[in-house]
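What follows is the residue order along each chain.
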Amino acid sequence: MGLGVAECFAAAGIEVILTDATPELTREAKERLVRRARGHADAGLLAESAVGRAEAVETADDVAGTVASADLVFEAVPEDIGLKQEILGACSAAAPRDAVIVSNTSSLPINDLSEFVGWPGRFCGMHWFNPPEWTPGVEIIPAAATAPEVVGWLVEFLRAIGKRPAVVGDGPGFVANRIQNALFLEAVRCVEEGLASPQEVDEVVRSCFGFRLPFFGPFQISDMAGLDVYENVLDVLKEGLGERFEAPQSLRKLVEEGRTGTKSGAGFLQYTEDEQERLLIERDRRYAALNGLLADLPPVDAGSGGGP
Ligand SMILES: NC(=O)c1ccc[n+]([C@@H]2O[C@H](COP(=O)([O-])OP(=O)(O)OC[C@H]3O[C@@H](n4cnc5c(N)ncnc54)[C@H](O)[C@@H]3O)[C@@H](O)[C@H]2O)c1
């Protein structure tokens with residue numbers, strides 16, 4: 001992850017200094033970074049100038065030398081709380097007092113990590129997704145101690161380099177991993193129960209409801225479908241599959257109040273009359289464009305057979 005983020009920062013014209021566990025690993029990391037940028041440029045995904053920027057990334061032999069004059073310290077060591085403590089402690093001891101320090105942790109509580117940082121107001125979670133060069137979304141997870149201006153600065157910084165940050169709370173798995181794993185668990189259950197093969201589940205997810213996800217999230221999608229419809233479907237799912245499909249109180253309340261989604265002008269979100277009219281045609285324009293892209297870039301033909 002660290003290399004991908006370094007490539008992304010460098011391509012955006014940011015001055016980057018890289019370090020790894022040993023000088024030898026740092027040297028290898030720099031070589032891999034340049035190869036990676038070269039591969040992307042050769043595939044036509046990056047401008048040639050980005051390779052030069054990757055080549056210009058500096059290295060340092062230890063944490064102190066890396067962060068001594070940093071504005072932003074990005075920590076991406078393995079997911080081990082003891083190692084995070086050691087590295088975040090070293091970063092906060094050596095970085096300038098006003099440097100912002102972020103951790104790319106996927107699962108460790110940000111509040112726990114903030115205790116390893118001196119002046120924790122400058123510390124925050126910054127969770128990227130693989131591959132970091134191309135995935136736009138980044139979760140920003142403030143700790144209780146994080147200064148609001150640090151959160152604002154990180155959001156602006158990420159937007160300025162073309163990312164789409166979302167500020168989320170410090171719960172288990174934050175937001176993305178929690179939702180992604182709920183989907184994954186049901187996918188595995190469908191296979192275990194013999195409803196579909198892994199390939200068929202992948203096809204259904206990708207081509208049915210997943211087809212919408214580049215443009216709409218679960219709230220926009222359920223508002224468009226109708227929250228009353230969702231409530232009915234959830235009641236049937238609960239009947240067959242148990243309590244985990246119980247319709248949430250907030251959904252039942254919206255339906256009771258007649259706020260059934262776009263058709264009523266409000267659901268989880270609010271829609272002006274103009275938005276109600278525009279939404280469907282704008283949706284269809286995007287779906288048609290996506291179908292065109294999929295025709296140009298057919299599904300990756302990899303993975304067959306198997307199953308648990
Ligand atoms: N792999 C993913 O898809 C992914 C996605 C989001 C977030 N993350 C998070 O990013 C972090 C890194 O994950 P990864 O998959 O890139 O791990 P990785 O094992 O591929 O890379 C970790 C790097 O840290 C280096 N390292 C180990 N000890 C070090 C030390 N003492 N000082 C400096 N560098 C040291 C390793 O040599 C290695 O280069 C973790 O917190 C992980 O949860 C990973």
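Structure shown above.
Residues numbered from 1 in each chain as written. Predicted model: local features only at pLDDT ≥ 70, side-chain atom pairs only at ≥ 80, totals over all residues. Heavy atoms only, no water.

Draft legend 1. Here's a closer look at the site of the ligand. Around the ligand sit 16 residues in total, of which Met 1, Asp 20, Glu 79, Lys 84 and Ser 106 are the nearest. Side-chain polar atom of Asp 20 to an oxygen atom of the ligand: 2.5 Å apart, as the coordinates give it. One of the side-chain nitrogen or oxygen atoms of Glu 79 is found 2.5 Å away from an oxygen atom of the ligand. Contact with the protein chains removes 67% of the 830 Å² of surface that the ligand exposes when unbound. Take the shell around the ligand: its biggest share by element is three residues, from helix α5 (residues 81-94). Along the lines of polarity and charge, the residues of the shell around the ligand split into eight nonpolar, five polar and three charged. (Near = heavy atom within 4 Å. Polar contact = N/O pair within 3.5 Å; in protein donor to acceptor, adjacent residues only side chain to side chain. Areas by Shrake-Rupley, 256 points an atom, 1.4 Å probe, with all protein chains shown as cover. Helix = DSSP H or I, 4+ residues; strand = E, 2+ residues; numbered from the N terminus. Nonpolar A, V, L, I, M, F, W, Y, C, P; charged D, E, K, R; others polar.)

Draft legend 2. Examining the pairing of strand β3 (residues 72-75) more closely. With four bridges joining them, β3 and strand β4 (residues 100-103) adopt parallel strand pairing. Within β4, the residue paired with Glu 75 across the bridge is Ser 103. Following the chain from β3 across α5 to the adjacent parallel β4, one finds a crossover that is right-handed. (Pairing = 2+ DSSP bridges. Right-handed = clockwise from strand over helix to strand, strands pointing away.)

Draft legend 3. Broad picture of the environment of Pro 78. Structurally, Pro 78 is set in the loop between β3 and α5. Of the residues examined, Pro 78 reaches a relative accessible area of 55% and is grouped as exposed. Along the sequence, Pro 78 and Glu 55 sit 23 residues apart, while their C-alpha atoms lie 25 Å from each other. Setting aside anything within four residues of it in sequence, one finds Pro 78 in contact with Leu 83 and Lys 84. (Buried < 20%, exposed > 50% of the residue type's maximum accessible area, 1.4 Å probe, protein only. Contact = heavy atoms within 4.5 Å.)

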